[in-house]
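If you want the building blocks of each chain, they are given just below.
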Amino acid sequence: MNSIRYEVGGHIASIILNRPDVLNAFNYEMLLQLEAAVESVRANETVRVVTITGAGEKAFSVGADLKERKSLTNEEVKRNIYKIGEVFTKIEQLPHPVIAALNGYAFGGGMELALACDFRIAADNTFIGLTETSLAIIPGAGGTQRLPRLIGEAKALELILTARKLSTVEGYTYGMFTEVVPPNQLKTSVQRLADAILQNGPVALRQAKFAIKEGMKVDLQTGLHLERKAYELTIPTEDRLEALAAFSEKRKPRFKGK
């Protein structure tokens, strides 16, 4: 059985973490398959939105496969940590909007994967946490960097140093989720957000994400310069002219991503 399922339909690439028997825990082979799926997304010109979720009804992912971890040498542990960080960064750097659909437990590396996504929608029976300090290690796939950037330094310190597990309602109050819904509405909510995004120009979507993500790393004036350059890339596109024509003709635009 593949550890990752990858499907494309209607301009949406769906990545499913597919080890439900171990709550979608990451072993090294799963990381390699996830990396391959991410590279497939990047190479597929029809994809405009990406969703990531876990197989089964219990977990998005509980992080590293601790049974595998017990059998690894120190060098192999370092290899796994490097790979998981590398793969999550590749997800973060995708030009497409990426939606994490949290359908259950998201601990350790599972939560770090969600943090690498642009949006997080969670079922209301989900529990999350960066719990690594309870195992005498620290988050090693971006958690110490992405969480404080999302919710602030003091709150991130509190959650990481206490290894606290949060309900989705608590996570929502911390600003981690776009939406919290009943489990039977999770798929619908993710589809609704994806559909709303897909109504808009594909080139514009990529450039807006680029301007926001890269602009957050620099001072305001540099960010404004990045925004102008990103805007300029949309000017010569066929989609921009199509949007103007559609507005004039009072119809929905038919974007081609060109």
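What should I look at first to understand a nonpolar patch on the surface in this one?
The grouping of L66, L135 and I137 at the surface amounts to a nonpolar patch, some 260 Å² of accessible area in total. You can call L135 partly exposed: its relative accessible area is 47%.

Hey, could you run me through the pattern of salt bridges in this one?
Two side chains that carry opposite charge are able to pair once their charged atoms sit near each other. All chains considered together, the criterion is met by 17 salt bridges. With a closest N to O distance of 2.8 Å, E35 and K90 form a salt bridge. Of this pair, E35 sits in helix α1 (residues 28-43) while K90 is found in helix α3 (residues 74-92), placing the two residues 55 residues apart along the sequence. Owing to a relative accessible area of 13%, E35 belongs among the buried residues under this scheme. Of the charged contacts in the structure, one is a salt bridge between K90 and E39, with a shortest N-O distance of 3.3 Å. Highlighted residues: K90 in helix α3 and E39 in helix α1, separated in sequence by 51 residues.

Help me understand the packing of aromatic side chains, please; the structure alone is not making it clear to me.
Here the distance between the centres and the angle between the planes together describe a pair of aromatic rings. All told, the structure shown has 2 aromatic pairs when counted by the stated rule. With 5.8 Å between their ring centres and 65° between their planes, F26 and F88 make a pair best called edge-to-face. With F26 in the loop between β2 (12-17) and α1 and F88 in helix α3, the pair connects residues that are 62 residues apart, well separated along the chain. The class of F26 is buried, set by a relative accessible area of 3%. You can call F88 buried: its relative accessible area is 0%. Between Y105 and F107 the ring centres are 5.6 Å apart and the planes differ by 20°, which places this aromatic pair in the stacked class. Judged by relative accessible area, Y105 falls into the partly exposed class, the value being 34%. The ring centre of Y28 lies 3.8 Å from the NZ or CZ of R79, which sits over that ring. For the cation-ring pair, K165 lies above F107, with the distance from its terminal atom to the ring centre recorded as 4.8 Å.

Each value, and the rule that gives it
- Residues numbered from 1 in each chain as written.
- Predicted model: local features only at pLDDT ≥ 70, side-chain atom pairs only at ≥ 80, totals over all residues.
- Heavy atoms only, no water.
- Patch = residues over 30% accessible without salt bridge, like charges linked within 9 Å, V, L, I, M, F, W, Y side chains within 5 Å.
- Areas by Shrake-Rupley, 256 points an atom, 1.4 Å probe, with all protein chains shown as cover.
- Salt bridge = Lys/Arg side-chain N within 4 Å of Asp/Glu carboxyl O.
- Buried < 20%, exposed > 50% of the residue type's maximum accessible area, 1.4 Å probe, protein only.
- Helix = DSSP H or I, 4+ residues; strand = E, 2+ residues; numbered from the N terminus.
- Phe/Tyr/Trp six-rings, centres within 6.5 Å; stacked < 30°, edge-to-face > 60°.
- Lys NZ or Arg CZ within 6 Å of the ring centre and 35° of its normal.

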